[in-house]
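# Report on the structure
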Amino acid sequence: MAAFGSLSTRLTETLAKLRSKGKLTASDVDGTVREIRRALLDADVALEVVKSFTAAIRERALGAEVSEALNPAQQVVKIVNDELVGILGGETRRLELAKQPPTVIMLAGLQGAGKTTLAGKLAKHLAGQGHTPLLVASDLQRPNAVTQLQVVGGQAGVPVFAPEPGNGVGDPVRVARDGVAEARRRQHDVVIVDTAGRLGVDAEMMQQAASIRKAVQPDEVLFVIDAMIGQDAVATARAFQEGVDFTGVVLTKLDGDARGGAALSIRGVTGKPILFASTGEGLDDFEAFHPDRMASRILD
Ligand code: GDP
């Protein structure tokens, strides 16, 4: 993953230095932990996450974790891997489908985070699994958002519910509610509601998202976040957690080569699982997020 490229290089180089050592001293462990800490901070991982992560590594590496099968360097690699899996969420968390269809999925996040693109990706992914999604265009803020959703819907082969043209600006809450009613009527088993974002956290946007949430009672509220926004990721995630109380996270633009470490902090600071990763502009540039696989890729 390009977004974690330099973090990955730094961690693997740090851990490789231990390989030549037959036995690790406390000062070897301290030196390694210091380098890991610096690599994480340079990659924009939030300080509170770095602190707990490095404290856990230090404690476990110094502790009596003796495995016959692994040499000391391998043990530290294993510990770092385990802890990385932990900050990324541990278990893979799948999309929760409603027992009684339709499953309602609402997308929330800042403008440009990749929500509309994600709506198309998710719709295509679910259609490929035999579901019959309906996309709902509740982003009436950005002039082109409805058309953009219609374009990605067309590419995904999934219908789009949109406000009638010529009806003025329209009410996004009503569009969301009508869209879900339409899905019920036409027996779509999944509804994906795209909502409006702003360039920064904004009270009116949050209010609107909260109203849509209340109106459609989604099974999942996915907070979509651009992995490239750096340190702002944590404050943004907190604001959305408070404003719309999302159920899961989607990291986008992991193909970018910016420092993606902030994205690694989201789970740690919100306690909410990461469900998907988006890795490009195309509808197939999308995958389920597996903490263990991501950790192995970072330490590869
Ligand atoms: P929205 O405002 O949240 O609906 O964001 P959009 O879906 O319109 O995405 C904003 C821009 O980011 C568009 O140009 C997308 O093509 C692009 N984009 C979305 N997801 C990704 C991704 O995973 N990687 C890259 N490189 N670009 C993406």
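Residues numbered from 1 in each chain as written. Predicted model: local features only at pLDDT ≥ 70, side-chain atom pairs only at ≥ 80, totals over all residues. Heavy atoms only, no water.

### Comments concerning the sheet that holds strand 7 (residues 274-278)
Rules: Two strands make a pair as long as DSSP finds a minimum of two bridges between them. Strands here are runs of E lasting at least two residues and helices are runs of H or I lasting at least four, both read from the DSSP assignment and numbered beginning at the N terminus. The criterion used for residue contact is that any of the two residues' heavy atoms lie within 4.5 Å. The convention used is that axes are lines fitted to C-alpha atoms, helices contributing only their stretch in contact, and that angles between N-to-C directions extend from 0 to 180 degrees.
Strands sit in the order 3-2-4-1-5-6-7-8 across an open sheet of eight strands; the sheet is mixed. Looking at strand neighbours, the two that pair on one side only are strand 3 (160-161) and strand 8 (286-288), the edges of this open sheet. Direction of pairing for strand 6 (residues 248-252) relative to strand 7: parallel, over a ladder of three bridges. From the neighbouring strand, Val249 faces strand 7, where its bridge partner is Ile274. This element, helix 7 (residues 172-185), spans strand 1 (103-108), strand 2 (133-138), strand 3 and strand 4 (190-195) of the sheet and lies at about 165 degrees to strand 2.

### Concerning the site of the ligand
Applicable threshold: The rule for a residue being near a molecule or strand is that one of its heavy atoms must lie within 4 Å of it. Polar contacts here mean pairs of N or O atoms no more than 3.5 Å apart (in protein, one a potential hydrogen donor and the other a potential acceptor; neighbouring residues in sequence count only if both atoms are side-chain atoms). Computed with the Shrake-Rupley method and a 1.4 Å probe, the accessible areas treat only the protein chains shown as cover for residues. Charged means Asp, Glu, Lys or Arg here, nonpolar means Ala, Val, Leu, Ile, Met, Phe, Trp, Tyr, Cys or Pro, and polar covers whatever is left, Gly included.
Gly112, Thr116, Thr117, Asp255 and Glu281 are the nearest of the 17 residues found near the ligand. Note that an oxygen atom of the ligand is positioned 2.8 Å from one of the backbone N or O atoms of Lys115. In isolation the ligand offers 580 Å² of accessible surface; the protein chains occlude 80% of this area. The biggest single contributor to the shell around the ligand is helix 5 (residues 115-128), with four residues. For the shell around the ligand, the residue count by class is two nonpolar, nine polar and six charged.

### Details of helix 5
This is how it is decided: A helix is expected to reach a length of 1.5 Å times the quantity of its residues less one. Each residue is assigned to one of three classes by its accessible area relative to the maximum for its type, calculated with a 1.4 Å probe on protein chains only: buried under 20%, partly exposed between the two thresholds, exposed over 50%.
Helix length check: helix 5, at 14 residues, gives a terminal C-alpha distance of 20 Å against a target of 20 Å (1.5 Å per residue), a fit within 8%. For helix 5, the set of buried residues is Lys115, Thr116, Leu118, Ala119, Gly120, Lys121, Leu122, Ala123 and Leu126. A positive phi of about 95 degrees marks Gly130, the residue just after helix 5.

### Brief notes about the packing of aromatic side chains
Note the following rule: What counts as a ring pair is set by centres within 6.5 Å for rings of Phe, Tyr and Trp (its six-membered ring), and what kind of pair is set by the plane angle: stacked under 30 degrees, edge-to-face over 60, tilted for all other angles.
This model, assessed by the stated rule, comprises three aromatic pairs. For the pair Phe276 and Phe286, a centre-to-centre distance of 4.9 Å together with 25 degrees between the ring planes defines the contact as stacked. Taken together, the positions of Phe276 in strand 7 and Phe286 in strand 8 put the pair 10 residues apart, joining distant regions of the chain. For the pair shown, Phe276 and Phe286 are each scored as buried.

### Some points on helix 8 (residues 203-216)
Turn by turn, an α-helix covers 3.6 residues, leaving residues three or four places apart pointing in a common direction. Cut-off, in case you're wondering: To be clear, the arc concerns the directions from the helix axis to the C-beta atoms.
Between its first and last C-alpha atoms helix 8 spans 20 Å; for 14 residues at 1.5 Å apiece the expected length is 20 Å, and the two agree. Taken as a whole, helix 8 has its buried residues at Met205, Met206, Gln208, Ala209, Ile212 and Val216. One face of helix 8 carries all of its buried residues, which in axial projection span an arc of 160 degrees. Facing away from the buried side of helix 8 by over 90 degrees, the exposed positions are Ala203, Glu204, Gln207 and Lys214. Packed against the buried residues of helix 8 are strand 1, strand 2, helix 7, strand 4 and helix 9 (232-244). The N-capping residue of helix 8, defined by a side-chain oxygen 2.8 Å from the backbone nitrogen of Glu204, is Asp202. The positive-phi residue at the C-terminal boundary of helix 8 is Gln217, with phi of around 45 degrees.

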